[in-house]
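Given next are the chains, with one letter for each unit.
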Amino acid sequence: MAKGLVFILLVAVLSCASGLYRDGYERVDTGPGGFFGAVLDENAGVAWFGVDDSPARIIKVDLTTMSVVGKLELEKDEQRLWSMVKHGKYGYIGVESPGGRLVGVDLESMTRLGYATASQFPLLAGTVLGDHAFFLGGVQPGDGDADRRAQDAGGGVRGLGAVPV
């Protein structure tokens, strides 16, 4: 018991000394899917969080005040948000439905710019390297129908694609 109490006190002291503390929060209705994906602009002090809902949503948070300062709801059929990347003032959002749709967003004004169908499978992860964004298209474990479609399309269940940004 004494060792546990000492550990808790040590963690509390170290947390305060390192500056880890709760400064503020805002409650956000995430729907059944929760948060998926996040990008930030350290210089501007804002972050964007993907909300996996139907339709998918993006919220913009001021990191200084921890308040929501912008919201964008994607199109009705753009569901199952899986991934987000940021390049300049633009965000590229990977959604599952329909297929692997890549939605372009102006993150400053929180406006939807358009989309491209990048894959027949959801875009599960992404990253930016130079002037290209790379996305991983794949299927969820246990999705037998998607596994069969992937095998019919060439035998693989995943693919990596590059998109100029």
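Structure's up top.
To start, this report covers the structure provided alongside it.

Digging into the sheet that holds strand β5 (residues 79-87)
- Read across the sheet, four strands follow the order β5-β6-β7-β8 without closing on themselves; strand pairing throughout is antiparallel. Of all strands in the sheet, those with a lone pairing partner are β5 and β8 (111-119), marking the two edges. Across this sheet, the average inter-strand angle for adjacent strands is 25°, counted without regard to direction.
- Two elements, strand β6 (residues 90-97) and strand β7 (residues 100-106), share six bridges in a ladder whose sense is antiparallel. In the strand pairing of β7, glycine 91 is matched with valine 105.

Digging into the pattern of salt bridges
- Scanning all chains against the criterion turns up eight salt bridges.
- Residue arginine 112 is joined to glutamate 75 by a salt bridge in which the shortest nitrogen-to-oxygen separation is 3.9 Å. In this pair, arginine 112 is assigned in strand β8 and glutamate 75 in the loop between β4 (67-73) and β5, connecting sequence segments 37 residues apart.
- Judged by relative accessible area, which is 25%, arginine 112 ranks as partly exposed.
- Taking the shortest distance from any N to any O, the salt bridge between aspartate 77 and arginine 101 comes out at 3.5 Å. Taken together, the positions of aspartate 77 in the loop between β4 and β5 and arginine 101 in strand β7 put the pair 24 residues apart, joining distant regions of the chain.

Things to note about the pairing of β5
- Sheet topology note: the β5/β6 ladder contains seven bridges and is antiparallel. By the bridge assignment, histidine 87 is partnered in β6 with tyrosine 90.
- Linking β5 to β6, which pair antiparallel, is a turn of two residues; within it glycine 88 sits at a positive phi near 65°.

Quick look at unusual backbone geometry
- Following serine 54, the chain continues to proline 55 via a peptide bond in cis, the omega torsion being 0°.
- Its location among the elements puts proline 55 in the loop between β2 (46-51) and β3 (57-62).
- In this structure, methionine 66 is a non-glycine residue whose phi angle is positive, near 55°.
- In this structure, methionine 66 sits in the loop between β3 and β4.

Quick look at the side chain of arginine 101
- The class of arginine 101 is buried, set by a relative accessible area of 7%.
- Looking at arginine 101, its side chain comes within polar contact range of the side chain of aspartate 77, at 3.5 Å.
- Apart from the residues within four sequence positions on either side, arginine 101 is in contact with Asp77, Glu78, Ile93, Gly94, Val95, Arg112, Tyr115, Ala116, Thr117 and Leu123.

Here we look at the packing of aromatic side chains
- Applying the stated rule across the entire model yields two aromatic pairs.
- With a centroid separation of 5.3 Å and an interplanar angle of 85°, the aromatic rings of phenylalanine 36 and tryptophan 82 are classed as edge-to-face. One end of the pair, phenylalanine 36, is in strand β1 (residues 35-41); the other, tryptophan 82, is in strand β5, with 46 residues separating them in the sequence.
- Of note, arginine 101 hangs over the ring of tyrosine 115, and the distance from its end group to the ring centre comes to 3.6 Å.

Observations regarding the pairing of β3
- Buried residues dominate β3, accounting for five of its six residues.
- Where β2 meets β3, six bridges bridge the pair, whose relative direction is antiparallel. Note on β3: the bridge partner recorded for phenylalanine 49 is isoleucine 59.
- Note: β3 against β4, six bridges, orientation antiparallel. Directly across from lysine 60, in β4, lies its bridge partner glycine 70.
- Linkage of β3 to β4, two consecutive antiparallel strands, is achieved through a turn of four residues, within which methionine 66 is found at a positive phi near 55°.

Rules used in this analysis
As a convention, each chain's residues are numbered from 1 in the sequence order in which they are written. At least 70 in pLDDT is required for a residue's local features to be given in this predicted model, at least 80 for side-chain atom pairs to be given and counted, and no such filter applies to totals for whole chains, interfaces and linings, which use all residues. Water and hydrogen atoms play no part in the side-chain values, which are based on all heavy atoms of the structure. Two strands pair under a simple rule: DSSP has to find at least two bridges between them. The helix and strand labels rest on DSSP assignments: H or I over at least four residues marks a helix, E over at least two residues marks a strand, and numbering proceeds from the N terminus. For every element, the axis is a line fit to its C-alpha atoms; helices are fit only across the contacting stretch, and the angle between N-to-C directions ranges from 0 to 180 degrees. Counted as salt bridges are all cases of a side-chain nitrogen of Lys or Arg within 4 Å of a carboxyl oxygen of Asp or Glu. Remark: exposure states derive from per-residue accessible area (1.4 Å probe, protein chains only) relative to the maximum for the residue type, with buried under 20%, exposed over 50%, and partly exposed in between. In the analysis that follows, any N or O atom pair within 3.5 Å is treated as a polar contact, provided that within protein one partner can donate a hydrogen and the other can accept it, and provided that, for residues neighboring in sequence, both atoms belong to side chains. Between two residues, a contact is recorded if the distance between any of their heavy atoms is within 4.5 Å. Here is the rule: rings of Phe, Tyr and Trp (six-membered ring for Trp) pair when centre to centre is within 6.5 Å. Planes less than 30 degrees apart are stacked, more than 60 are edge-to-face, and the remainder are tilted. Throughout this description, the term charge over a ring refers to an Arg CZ or Lys NZ atom that lies within 6 Å of the ring centre and within 35 degrees of the ring normal.

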